[in-house]
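Chain by chain, the residues:
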Amino acid sequence: MPSVFTRMLQGQEPGRFVYQDADTAAIVSNTPVKPGHCIVFPREEVTNWLDLPPELAGRLMATCQKVGRAIAEVYQPVRVSLTIISIVVPHVHIHLVPANSVPEVDFTKQDQNARPEDLDASAEKIRAALRKP
């Protein structure tokens, strides 16, 4: 069965995409730890990040850097944290969270009831930053 990320790519599930290329995609998390929380994933379904072909791992990291820079520009955090969990969804995905301290990157505090208009606004701000030369 295709993962939720694959279903998003196929248009079968909604996703607030901020970036896509031939190998990777990035969305705003529907359950953000903080505003600006994005998820980056490969188009190819790989269950464990240890199984990523090195070339794809490199392209995935390049997308993380591109999206991470946009998040940093928009939200001005001390850092954009990068976390690979990939336990709940069996498709490698990387969380990018703007943070000013370690306690802010607490996945037990994800907003399960994030307002769609707030997620849309976050996605548009990050898209706009990505469009800049």
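Summarised in this report is the structure supplied together with it.

Cut-offs and rules
One numbering rule holds for all chains: residues counted from 1, following each sequence as written. Two thresholds apply to this predicted model, a pLDDT of at least 70 for residue-level local features and 80 or more for giving and counting side-chain atom pairs, whereas whole-chain, interface and lining totals are computed over all residues. Hydrogen atoms and water are omitted, and side-chain values are computed over all heavy atoms in the structure. Only C-alpha atoms enter the line fits that serve as axes; for helices the fit covers just the stretch in contact. Angles between N-to-C directions range over 0 to 180 degrees. A helix here means a DSSP run of H or I that spans at least four residues, while a strand means a run of E at least two residues long, and both kinds are numbered starting from the N terminus. An angle counts as roughly parallel when it lies under 35 degrees, as roughly antiparallel when it exceeds 145, as roughly perpendicular when it falls between 65 and 115, and as oblique in every other case. By convention the crossing between two helices is left-handed if the near helix lies anticlockwise of the far one by an angle smaller than a right angle, and right-handed if it lies clockwise. We call two residues in contact whenever any of their non-hydrogen atoms come within 4.5 Å of each other. Think of it as three bins: nonpolar holds Ala, Val, Leu, Ile, Met, Phe, Trp, Tyr, Cys and Pro, charged holds Asp, Glu, Lys and Arg, and polar takes everything else, Gly as well. Whether two aromatic rings pair depends on their centres lying within 6.5 Å, for rings of Phe, Tyr and Trp, where Trp uses its six-membered ring; planes under 30 degrees apart make the pair stacked, over 60 edge-to-face, and the rest tilted. Note on exposure labels: buried denotes an accessible area under 20% of the residue type's maximum, exposed denotes more than 50%, and partly exposed covers the range between, all computed with a 1.4 Å probe on protein chains only. Strands qualify as paired when DSSP identifies two bridges or more between them. We count a salt bridge whenever a side-chain nitrogen from Lys or Arg sits within 4 Å of a carboxyl oxygen from Asp or Glu.

## Quick look at the packing of helix 2 (residues 54-75) against helix 3 (residues 116-131)
Working step 1: Orientation of helix 2 relative to helix 3, taken along the N-to-C sense of each, is 110°, at an axis distance of 8 Å. Considering their axes alone, helix 2 and helix 3 lie roughly perpendicular with respect to each other. Like other packed secondary-structure pairs, helix 2 and helix 3 cross with a definite hand, here right-handed. Along its contact with helix 2, which presents Lys-66, Val-67, Ala-70, Ile-71, Glu-73, Val-74 and Tyr-75, the element helix 3 presents Ser-122, Lys-125, Ile-126, Ala-129 and Leu-130.
Working step 2: A per-class count over the contact of helix 2 with helix 3 returns eight nonpolar, one polar and three charged.

## Some details on the packing of aromatic side chains
Working step 1: Under the defined criterion, the tally for this structure stands at one aromatic pair.
Working step 2: With a centroid separation of 4.5 Å and 25° between ring planes, the pair formed by Phe-5 and Phe-41 is classed as stacked. You can see Phe-5 sitting in helix 1 (residues 4-9) and its partner Phe-41 sitting in strand 3 (residues 38-42), a full 36 residues away along the chain. When sorted by exposure, Phe-5 lands in the same class as Phe-41, which is buried.

## Examining the sheet that holds strand 2 (residues 24-28)
Working step 1: If you trace the five strands from one edge of the open sheet to the other, you get 1-2-3-5-4, paired in antiparallel fashion. Lying at the two open borders of the sheet, with one neighbouring strand each, are strand 1 (17-20) and strand 4 (79-84). Across the sheet, the mean angle separating the axes of adjacent strands is 20° when strand polarity is ignored.
Working step 2: Bridge analysis of strand 3 against strand 5 (residues 94-99) gives three bridges, and the strand direction is antiparallel. Pairing of Val-40 across the sheet is with Ile-94, part of strand 5.
Working step 3: Helix-sheet contacts for helix 3 involve strand 1, strand 2 and strand 3, and the interaxial angle to strand 1 is about 35°.

## Focus: the pattern of salt bridges
Working step 1: Going through the model one piece at a time under the given rule, you end up with 10 salt bridges.
Working step 2: In this structure, Glu-73 engages Lys-132 in a salt bridge whose closest nitrogen and oxygen atoms are separated by 2.6 Å. Of this pair, Glu-73 sits in helix 2 while Lys-132 sits in the segment after helix 3, and the two are 59 residues apart along the sequence.
Working step 3: Between Asp-118 and Arg-115 there is a salt bridge, with the nearest N and O atoms lying 2.9 Å from each other.
Working step 4: Asp-118 gets classed as partly exposed once you look at its relative accessible area, which sits at 41%.
Working step 5: It is possible to trace a salt-bridge network through shared partners that takes in Arg-115, Glu-117 and Asp-118.

Everything listed is a geometric property; what it means functionally is a separate question.
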